[in-house]
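Structural characterization, general
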Amino acid sequence: MSVKPVTITITGAGGQIGYALLFRIAAGELLGPDTPVRLQLLEIPQGVRAAEGAALELQDCAFPLLAHVDVHDDAEAAFRGTNLGLLVGARPRTAGMERGDLLVANGGIFGPQGEAINAGAADDVRIVVVGNPANTNALIAAAHAPDVPADRFTALTRLDHNRALGQLATTVGTPVGEIRDVAIWGNHSATQFPDVSHATAGGQSVPALLAARLGGPDAAREWLVDHFIPRVAKRGAEIIEVRGSSSVASAASATIDHVHDWVLGTTNGWTSAAVVSDGSYDVPEGIVSSFPVESVDGAWRIVPGLELDAFARHRIAVSVAELEDERDAVRALGLL
Ligand SMILES: NC(=O)c1ccc[n+]([C@@H]2O[C@H](COP(=O)([O-])OP(=O)(O)OC[C@H]3O[C@@H](n4cnc5c(N)ncnc54)[C@H](O)[C@@H]3O)[C@@H](O)[C@H]2O)c1
Ligand SMILES: O=C(O)C[C@H](O)C(=O)O
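Predicted model, so just to flag it, every value in this text is computed and none were measured.

1. A few points about the overall build of the protein
If you tally the helices and strands in the protein, you get 11 helices and 14 strands. For 336 residues, the compact-globule estimate of 2.2 N^0.38 gives 20 Å, and the C-alpha radius of gyration of the protein, at 19 Å, lies within 12% of that figure. Expressed along its principal axes, the backbone C-alpha trace of the protein runs to roughly 55 × 45 × 40 Å. Counting across all 336 residues of the protein, residues that qualify as buried make up 46%. When contacts within the protein are restricted to residue pairs at least 6 apart in sequence, long-range pairs at least 24 apart make up 73% of them.

2. Comments concerning the sheet that holds strand β1 (residues 6-11)
Here we have nine strands laid out as an open sheet, ordered β3-β2-β1-β4-β5-β6-β12-β13-β14, and mixed in their pairing. The open sheet has two edge strands with one neighbour each: β3 (66-72) and β14 (299-302). Taking the axes of each pair of neighbouring strands and ignoring which way they run, one obtains an average angle of 35 degrees across the sheet. Direction of pairing for β1 relative to strand β4 (residues 84-87): parallel, over a ladder of four bridges.

3. What about the site of ligand 2?
Lining the immediate surroundings of ligand 2 are Pro92, Arg93, Arg99, Asn132, Leu159, Gly236, Ile239, Ser246, Ser247 and Ala251. Each of domain 1 (6-155) and domain 2 (158-328) contributes no fewer than three residues to the shell around ligand 2.

4. Considering the pairing of β14
Sheet topology places strand β13 (residues 288-296) next to β14; four bridges connect them, and they run antiparallel. Looking across to β14, one finds that Val296 is bridged to Ala299. Adjacent in sequence and paired antiparallel, β13 and β14 are bridged by two residues, among which Asp297 carries a positive phi angle near 50 degrees.

5. With respect to the UniProt feature "binding site: substrate" (unreviewed entry) in the protein
Under the UniProt annotation, the feature "binding site: substrate" (unreviewed entry) is placed at Arg93, Arg99, Asn132 and Arg163. Assignment of secondary structure puts Arg93 in the loop between β4 and α4 (103-120). If we skip the residues at most four places from it in the chain, Arg93 touches Arg99, Asp101, Leu102, Asn132 and Ser246. Among all residues touching Asn132, those that are not within four sequence positions of it are Ala90, Arg93, Arg99, Leu102 and Asn106.

About the thresholds
- Within any chain, residue numbers begin from 1 and follow the written order of that chain's sequence.
- All chains are assigned letters beginning at A, and all ligands numbers beginning at 1, according to the order in which they are written.
- Predicted model: local features are reported for residues with pLDDT of at least 70 only, side-chain atom pairs are reported and counted for 80 or more only, and whole-chain, interface and lining totals are derived from all residues.
- What counts as a helix is a DSSP run of H or I of at least four residues, what counts as a strand is a run of E of at least two, and both are numbered from the N terminus.
- Using C-alpha atoms as the atom set, the radius of gyration is obtained and then compared with a globule rule of 2.2 Å times the number of residues to the power 0.38.
- Residues with at least 20 neighbouring C-beta atoms inside 10 Å of their own are called buried, those with 12 or fewer are called exposed, and the rest are partly exposed, where every C-beta is derived from the backbone.
- Placing C-beta atoms from the backbone, we regard two residues as in contact once those atoms come within 7 Å.
- Two strands are counted as paired when DSSP detects at least two bridges linking them.
- The angle between two axes is taken between their N-to-C directions and runs from 0 to 180 degrees, where each axis is a line fitted to C-alpha atoms and a helix contributes only its stretch in contact.
- Only the C-beta atom matters for nearness: placed from the backbone, it must lie within 6 Å of the molecule or strand for the residue to count as near.
- These domain boundaries are the output of an automatic or database domain assignment.
- UniProt positions are given in the numbering used here, feature names are shortened, and annotations may be inferred rather than shown by experiment.

This is the structure we're talking about:
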């Protein structure tokens, strides 16, 4: 291998999502078929054996792109020299919980990890937080890494974005690959706003296609408000109810999509990611909120200048208010 391997830290590597991620990363699906990877797996002591087992299986796959695997139970060692941090390690919610209920259980994980990233990660480090509540955990990690530019910290809302594509494809009758410019705004929670007002399918306006399919603009609006938005926003709870535990393979797949597009560029219109707000669309600066984004030259850029109607502005404001409440709660807990 002549190309220098990219170092990737995966926290919670012994858990469910970790297991679904590792083999796809080592197979080249994250960074493409020409980029070797070096994996640094982080677990708590109780999870180390599971991560070690995954490392043995990685070796047994003989992936040509896999340069090396290490297992750590120390965050500083796991983030040393890292180019990409996938912060998955955290407790998942169970039936009846909202993701915000995990703030106390999981918030304490992300300050020390932010400090470890600050201390030893590579200059080009990029972070995606998957562990819930993902937006606020990313806020905590970023706050503990003052030497790392804030735009390197993101949280995963690509799963919500992909869920929206899946629901639209079924209703509009267009393959997912032909749907563009859907957006998820706000928190990775039930208050998020999945927005199709600028979306197209096969080059045609999605709101117009929905109106044609469902019997007019009022019926389309009713479907969006009463079915599509809650179905996407509460899909995590639906998965927990049907499957008995929270999403794994779809979450891993969305994590791969997020990092792939961040590093290699978006190609089919926008996507969605939770990034540190620069004040766009009246989202207070510093909040980690989902926006429609494009990846340009390896950096997320919030899509500028979109027109938002009163309904959209209201829905975004509700989700942003929840993010502000979460920020205030972790501040009160001394985590920020
Ligand atoms: N943002 C999203 O779209 C999304 C989607 C699905 C799941 N999630 C979240 O991802 C997280 C992980 O889910 P899972 O199904 O893999 O859970 P899991 O319980 O199977 O695995 C979590 C792993 O994290 C480890 N861990 C705990 N604290 C750690 C720490 N401080 N450092 C390193 N590792 C640590 C645990 O030992 C465990 O092995 C949960 O918080 C879940 O809610 C987010
Ligand atoms: O909903 C959860 O708790 C897990 C995850 O965030 C999801 O959206 O599936």
